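Observations on chain architecture
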Amino acid sequence: MAITKDRLLEKKTNLKEKAKMKCCYCGYTDSKVTDSRLSDDLSKIKRRRECLKCTKRYTTYEIIDSVPLVVIKSNGVRQPFDAQKIKRGLIKAFEKRPIGIDEIDKMTAEIERQVQNTLDGEVSTHEIGKLVMEELKKKDDVAYIRFASVYLQFSDPESFAKFIASIKK
Ligand SMILES: [Zn+2]
């Protein structure tokens, strides 16, 4: 954790050198940073600054932009990643299964985290489907089979039967 925080901070500091902050007292654009720290969820950097002209101190917050993730559909169309779609898919798969919505939320967050981690900027619906399958497999056979039957689009009963048999092993 500590390494990640330091790295992020370092990366942001380099970026920061180009941007100018205006002093909120006198409007001067040069300040020195007296303290920088990352928020616990790593999403913000809080900086204490001292104006080089009037020497008053103020605080700035920088928000770390998450890189927008693009999803490539099987027909080649690109669209922004939407975790709600994963959640809807999970809800459908878990219909009438003994699982709470908070559990589904947790799974959605876990899948989203994996999507954000493993891929750089672009991900296919196929890859997302694979991650969803892996998560479902750990939780519930019925939901797993339901999702797989849509995702894998079995063309005949035999390949579906083969798939079912492979789970039982
Ligand atoms: Zn000032």
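Because the structure is a prediction, the values reported are computed rather than measured. (Residues numbered from 1 in each chain as written. Predicted model: local features only at pLDDT ≥ 70, side-chain atom pairs only at ≥ 80, totals over all residues.)

A few words on the overall build of the protein chain. In terms of helices and strands, the protein chain carries six helices and six strands. For the protein chain, the N- to C-terminal ordering of α and β elements is α-β-β-β-β-β-α-α-β-α-α-α. Expressed as a percentage of the 169 residues in the protein chain, the buried residues total 11%. Across the protein chain, every contact between residues at least 6 apart in sequence was considered, and the portion connecting residues at least 24 apart equals 44%. (Helix = DSSP H or I, 4+ residues; strand = E, 2+ residues; numbered from the N terminus. Buried ≥ 20, exposed ≤ 12 C-beta atoms within 10 Å, placed from the backbone. Contact = placed C-beta atoms within 7 Å.)

Assignment of secondary structure puts Ile 45 in strand 2 (residues 44-51). Take Ile 45: there are 19 C-beta atoms within 10 Å of it, and that puts it in the partly exposed class. In this structure the C-alpha to C-alpha distance between Ile 45 and Thr 60, which are 15 residues apart in sequence, comes to 8.1 Å.

Further remarks concern the nonpolar core. Core analysis: the biggest nonpolar cluster contains 13 residues, and Leu 90, Ala 93, Val 132 and Phe 147 have the highest contact counts within it. The set of elements that each furnish at least two residues to this core consists of helix 2 (83-93), helix 3 (101-118), helix 4 (125-139) and helix 5 (141-151). If we ignore the near neighbours within four places in the chain, the residues touching Phe 147 are Gly 89, Ala 93, Val 132, Met 133 and Leu 136. (Core = buried A, V, L, I, M, F, W, Y, C linked by C-beta atoms within 7 Å.)

We now examine the environment of Ile 72. The topology assignment puts Ile 72 in strand 4 (residues 70-72). Once you skip the residues sitting within four places of it in the chain, Ile 72 turns out to touch Arg 78, Glu 122 and Ser 124.

Right, let's talk about helix 5 for a bit. Those residues of helix 5 that fall on the buried side of the exposure criterion are Ala 143, Phe 147 and Ala 148. For helix 5, the arc enclosing every buried residue in end-on projection is 130°, short of the 170-degree limit, so these residues lie on one face. Gln 153, located one to two residues past helix 5, shows a positive phi value of around 45°. (Arc of directions from axis to C-beta.)

Below, the discussion takes up the confidence of the model for the protein chain. Mean pLDDT over the protein chain: 81, with 82% of residues reaching 70 or higher. Averaged over each element, pLDDT in the protein chain is lowest for helix 1 (residues 2-16) (48) and highest for helix 2 (92). Segment residues 11-18: pLDDT under 50, and three contacts once partners within four positions in sequence are set aside and those in other chains are kept. (pLDDT = per-residue confidence, 0-100.)

Let us now look at the sheet that holds strand 5 (residues 78-80). Taken together, the three strands give an open sheet; going across it, the order is 5-4-6, and neighbouring strands pair in mixed fashion. Two strands in the sheet have a free side with no partner beyond their single neighbour: strand 5 and strand 6 (122-124). Sheet twist, expressed as the average angle between the axes of neighbouring strands with direction ignored, equals 35°. Of the pairings in the sheet, the one linking strand 4 to strand 6 comprises three bridges and is parallel in character. Within strand 6, the position partnered with Val 71 by the bridge is Val 123. Strand contacts of helix 4: strand 4 and strand 6, with the helix running at about 70° to strand 6, the strand carrying the most contacts. (Pairing = 2+ DSSP bridges. Axes fitted to C-alpha atoms, helices over the stretch in contact; angles between N-to-C directions.)

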